[in-house]
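Given next are the chains, with one letter for each unit.
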Amino acid sequence: MSHGLRLHTTNSAAQALVGRWLDDARLALPAPVDLIIDVGPLPDAEPDTRAIFTQGRVVIHSGPPSNTVAMEWGPGLGRTVLAPGDRTAHVTITEEGLAESNELLRSFLLNVCIFLVRRVGLHHVHGATLLDPHNRGWLLVGESGSGKSTTTVLLAKNGWGVATDDISFLTAGAQPNTTDMIGWRERLALRDDWVAATGNDGGTALSTRRKTGWFAEELGTAWLSRIMPQFIGFPVVGATGTTSMSPVSARDALTRVMQSSPWVMLEPDLADEHLQLMSSLVRQSRAFDITLGRDLFDHPEFLLEHVS
Amino acid sequence: MSTVYKRHDDLRLTAVDDEGVVLHLGSLRYFTVNETGLTILQELLEPRTLEELVKAVTDAYDVTPELAQETTRAFVERCVDAKLLHTEER
């Protein structure tokens, strides 16, 4: 049985905004987790001298002695502290923070959710997850600008199923010592200057991101919650216009997946599970560097031909 | 009294294709180790003396005791410098 990420708030604007975002995400969890949002002035906080990790304007402190994860967005827009093992996040955001809806959702609250769902066995990787026409799972790992969203949209239009173009979670697979990926459903988002290249019509203008987005279904393919990867790709946009692939060793694949899943370092009681899921993922998959060229638009079956 | 090597509490280790990836949670750093390094770190699931580690290496590989001693000593000293291991007297 799968559960969702449950929202509790008395603020109607937060309920509408965050509730819609979580409903769209359709995140399938093995056990429930709760997100409680208060809107108002931030509570006072003691200075935190522990190791710092930053994600945009979100500052994350973690480590001993408390082993809590403390997050502040801003400065002064939002704050939460997650205790080890606690499946409930109490978040406070200011009215000013609530007005910055895109950054509130896709930066601050996404980070909160990433730490929350770790507590029920889902570990975030910055990557796209797809299913090819031969029912083989693919994970495309890369930072913003690596071409994974454009590739995901292109492949979705060519019969591939999609879980996400950006927000993936490692979780224990159905078979022992295997890893599945769970996708956070949201619009597959292309920069406006790439929309014409993919030949897409319609879509939703994501004006604050200067992107246009489509749910997988709007591109004529299926959205899939869960995929077992057999291939890992590390895309980069090439300069030559020609797409190419070259194999990556298991050790290098693991370290690169780890760089896109840096949370493994932050909570000691969850690090072993997270690391073993990444190891299983690499063991069950073949990994490739993928240099993306414009020829992929005319020949999207290149990836399948290369691995066959 | 003898010196034993122990894994640091912040160390996490995994193996893929006979190589290892080691995390140090305290410093937010990671390291990769070759097959011999992986063998030594796996042996250190329990505290071990240098001699016990050298024996693990000579048992696993076709290598002279002298070379195993030199390789193992160099490896554990680098790990101590990186705070992946520490020593205790027992």
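Everything here concerns the structure above.
Residues numbered from 1 in each chain as written. Chains lettered and ligands numbered in written order. Predicted model: local features only at pLDDT ≥ 70, side-chain atom pairs only at ≥ 80, totals over all residues.

Colleague: Explanation requested: the overall build of chain A in the structure shown.
Modeller: Each helix and strand counted, chain A has 9 helices and 19 strands in total. Projected onto its principal axes, the C-alpha positions of chain A cover 55 × 40 × 40 Å. Partitioning the intrachain contacts of chain A with sequence separation of at least 6 by distance along the chain shows that 68% fall at a separation of at least 24. (Helix = DSSP H or I, 4+ residues; strand = E, 2+ residues; numbered from the N terminus. Contact = placed C-beta atoms within 7 Å.)

Colleague: Would you explain the interface of chain A and chain B in this entry?
Modeller: Quoted interface sizes are often the accessible area lost when the parts come together. Listed per partner, the contact involves 17 residues of chain A and 11 residues of chain B. Among the elements of the structure, α6 (250-259) and α7 (268-283) of chain A are those that each provide at least two residues to the side of chain A that touches chain B. The dominant element in the side of chain A that touches chain B, judged by the number of residues it contributes, is α7 of chain A, at 8 residues. Across the side of chain A that touches chain B, the residue classes break down as 10 nonpolar, 4 polar and 3 charged. (Nonpolar A, V, L, I, M, F, W, Y, C, P; charged D, E, K, R; others polar.)

Colleague: Even after reading the chapter, I still don't get the pairing of strand β9 (residues 137-141) of chain A, so can you show me in this structure?
Modeller: Two faces belong to every sheet, and in a regular strand the side chains alternate between them. All names here are of chain A. Counting buried positions along β9 yields 5 of 5 residues, so the element is predominantly enclosed. Burial along β9 is two-sided: Gly137, Leu139 and Val141 facing one way and Trp138 and Leu140 facing the other are all buried. The hairpin formed by strand β8 (residues 123-131) and β9 contains 5 residues between the paired strands, and Asn135 there has a positive phi angle of roughly 60°. Looking at chain direction, β9 and strand β17 (residues 229-237) are connected through 4 bridges and run parallel. Directly across from Gly137, in β17, lies its bridge partner Pro229. (Buried ≥ 20, exposed ≤ 12 C-beta atoms within 10 Å, placed from the backbone. Pairing = 2+ DSSP bridges.)

Colleague: Any chance you could explain helix α3 (residues 65-81) of chain B here in plain terms?
Modeller: Given 3.6 residues per helical turn, the α-helix brings residues three or four places apart onto the same face. Residue and element names in this part refer to chain B. Taking 1.5 Å of rise per residue, the 17 residues of α3 would be expected to cover 24 Å, and the 24 Å separating its terminal C-alpha atoms lies within 8% of that figure. Along α3, the positions that sit buried rather than exposed are Ala68, Thr72, Phe75, Val76 and Cys79. The arc that holds every buried residue of α3, seen down its axis, measures 95°, which confines them to one face. Every exposed residue of α3 that faces more than 90 degrees away from the buried side is listed here: Glu66, Ala74 and Asp81. Its buried side turned inward, α3 meets β1 (3-7), α1 (35-43), α2 (50-60) and β6 (85-89). Within two residues after α3, Lys83 carries a phi angle of roughly 60°, on the positive side. (Expected span 1.5 Å × (residues − 1). Arc of directions from axis to C-beta.)

Colleague: Please explain the sheet that holds strand β14 (residues 204-206) of chain A as it appears in this structure.
Modeller: Strand pairing within a sheet occurs via backbone hydrogen bonds; the two strands may be parallel or antiparallel. Residues and elements named next belong to chain A. Strands sit in the order β13-β15-β14 across an open sheet of 3 strands; the sheet is antiparallel. Strands with a single pairing partner mark the edges of an open sheet, and in this sheet they are β13 (188-191) and β14. In this sheet, neighbouring strand axes are inclined to one another by 35° on average, regardless of whether the strands run parallel or antiparallel. Of the pairings in the sheet, the one linking β13 to strand β15 (residues 211-214) comprises 4 bridges and is antiparallel in character. Bridge pairing in β15 links Leu190 to Thr212. (Axes fitted to C-alpha atoms, helices over the stretch in contact; angles between N-to-C directions.)

Colleague: I tried to follow the nonpolar core on my own but got confused; where do I start?
Modeller: Soluble globular proteins tend to bury their nonpolar side chains together. By size, the foremost hydrophobic cluster in this structure holds 104 residues, and its most contacted members are Val112, Leu116, Leu254, Val257, Met278 and Val282 of chain A. With 9 residues, the top contributor of residues to this core is helix α3 (residues 101-118) of chain A. With sequence-adjacent residues up to four places away left out, Leu254 of chain A is seen in contact with Met278, Ser279 and Val282 of chain A together with Val16 and Val21 of chain B. (Core = buried A, V, L, I, M, F, W, Y, C linked by C-beta atoms within 7 Å.)

Colleague: Sorry if this is basic, but what is going on with the pairing of strand β2 (residues 33-39) of chain A here?
Modeller: Residue and element names in this part refer to chain A. Inspection of the sheet shows strand β1 (residues 5-9) paired to β2 by 5 bridges, in the parallel sense. Within the sheet, the bridge partner assigned to Thr9 lies in β2 and is Ile37. Remark: the β1/helix α1 (residues 12-25)/β2 crossover connection has left-handed handedness. Across 6 bridges, β2 lies against strand β7 (residues 88-93) in parallel orientation. When the bridges of β7 are listed, Asp38 appears paired with Thr92. (Right-handed = clockwise from strand over helix to strand, strands pointing away.)

So yeah, pure geometry; function would need other evidence.
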